[in-house]
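Listed below, chain by chain, are the residues.
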Amino acid sequence: MTNVVEVNAELENAYKKFELGDLPIFLNTEKISIRKLFKILTVSELSNLSTVEAMNFYLYCQFFKNRLLYSPFFQKNLAYIDSKLIELKNRINGWLEKYEKMLKITKSESDVTWLDDNINLLIDGREALNSVPGRCDYYDKKVSAYLARQADNKFLQDIQSECAAEFIQLSNLFSEIGRIIGREWEQD
């Protein structure tokens, strides 16, 4: 048991050195830093997140999961975000179904293109949500390998750059998905 805590402490210390740059993280439409997010996740309970915020917080909760489980607030926030994930996937699936029905009756080429683009975005978003835990584990493994080899800082900087680029891409994708599913929808 001591080894697990030690490894997590080493990982946490390595991640504290991470400089992920200007990630698009928002809470109540206010842009926040990764440090502020870290603090929010460990000292306050999340509630009433918007669609885009819920998707992005899911990403970051998964990213911090192996390091913040010591915090009772984080455990509650992780449970809240995991429950929102089910809702988000259901809403994505509902919009996919709606757009696929519309696609069958649409004649306009520009409308078909618009529907196809939205369908592809929704599919990409659903797949991205499913891949988030694995991607976060991937970074944990890379940082653990860095720690085990006592590699130079360039190796850690490469991991940081890769992680930041991927998180920016995912955050932008989640913003696009939020634009689509953020509205209320009714199933026929």
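Before any of the text, the structure's been laid out above.
Owing to the predicted nature of the structure, the values given are computational and were not obtained by experimental measurement. (Residues numbered from 1 in each chain as written. Predicted model: local features only at pLDDT ≥ 70, side-chain atom pairs only at ≥ 80, totals over all residues. Heavy atoms only, no water.)

The next thing to look at is the side chain of Q160. Considering the arrangement of structural elements, one finds Q160 in helix α6 (residues 153–181). Assessed through its relative accessible area of 11%, Q160 is described here as buried. Look past the residues within four positions of Q160 in its chain and what remains in contact with it is K17, F18, E19 and L20. (Helix = DSSP H or I, 4+ residues; strand = E, 2+ residues; numbered from the N terminus. Buried < 20%, exposed > 50% of the residue type's maximum accessible area, 1.4 Å probe, protein only. Contact = heavy atoms within 4.5 Å.)

Along the polypeptide, R126 turns up in helix α5 (residues 109–149). According to the relative accessible area criterion, R126 is partly exposed, its value standing at 27%. Linking R126 and I177, residues 51 residues apart in sequence, is a C-alpha distance of 9.0 Å. Apart from residues no more than four positions distant in its own chain, R126 is found in contact with I92, N93 and L96.

Our next topic: the pattern of salt bridges. Per the counting criterion, the structure on display carries nine salt bridges. Across the pair K84 and E87 runs a salt bridge, and its minimum N-O distance is 3.5 Å. One end of the pair is K84 and the other is E87, both in helix α4 (residues 72–105) and three residues apart, which spans about a single turn. When the shortest N-O distance is used, the salt bridge between D158 and K154 registers 2.9 Å. On the criterion of helical spacing, the pair formed by D158 and K154 is a turn pair, its members being four residues apart in helix α6. We classify K154 as partly exposed; its relative accessible area is 49%. Within this structure, R135, K142, E162 and E166 form a network of salt bridges that share partners. (Salt bridge = Lys/Arg side-chain N within 4 Å of Asp/Glu carboxyl O.)

Among the nonpolar cores identified, the biggest contains 56 residues, and F18, L41, F57, F63, L122, V143 and F167 are the most heavily contacted of them. At the level of secondary structure, the elements contributing two or more residues to this core comprise α1 (2–16), α2 (34–43), α3 (51–68), α4, α5 and α6. Dropping the residues within four chain positions of it, L122 is found in contact with I92, W95, L96, Y99, I177, I180 and I181. (Core = buried A, V, L, I, M, F, W, Y, C linked by side-chain atoms within 4.5 Å.)

Scanning the model with the defined rule gives nine aromatic pairs in all. Ring centres 5.5 Å apart and planes at 80° place the aromatic pair Y60 and F167 in the edge-to-face group. One end of the pair, Y60, is in helix α3; the other, F167, is in helix α6, and 107 residues separate them in sequence. Pair check on accessibility: Y60 and F167 agree, each one buried. Here the aromatic rings of F63 and F64 are separated by 5.5 Å at their centres, their planes lie at 55°, and the arrangement is tilted. Judged by its relative accessible area of 5%, F64 is buried. The ring of Y138 has R135 sitting right over it, with the charged end atom 4.2 Å from the ring centre. Across the ring face of F155, the terminal group of R149 is positioned such that the distance to the ring centre comes to 4.6 Å. (Phe/Tyr/Trp six-rings, centres within 6.5 Å; stacked < 30°, edge-to-face > 60°. Lys NZ or Arg CZ within 6 Å of the ring centre and 35° of its normal.)

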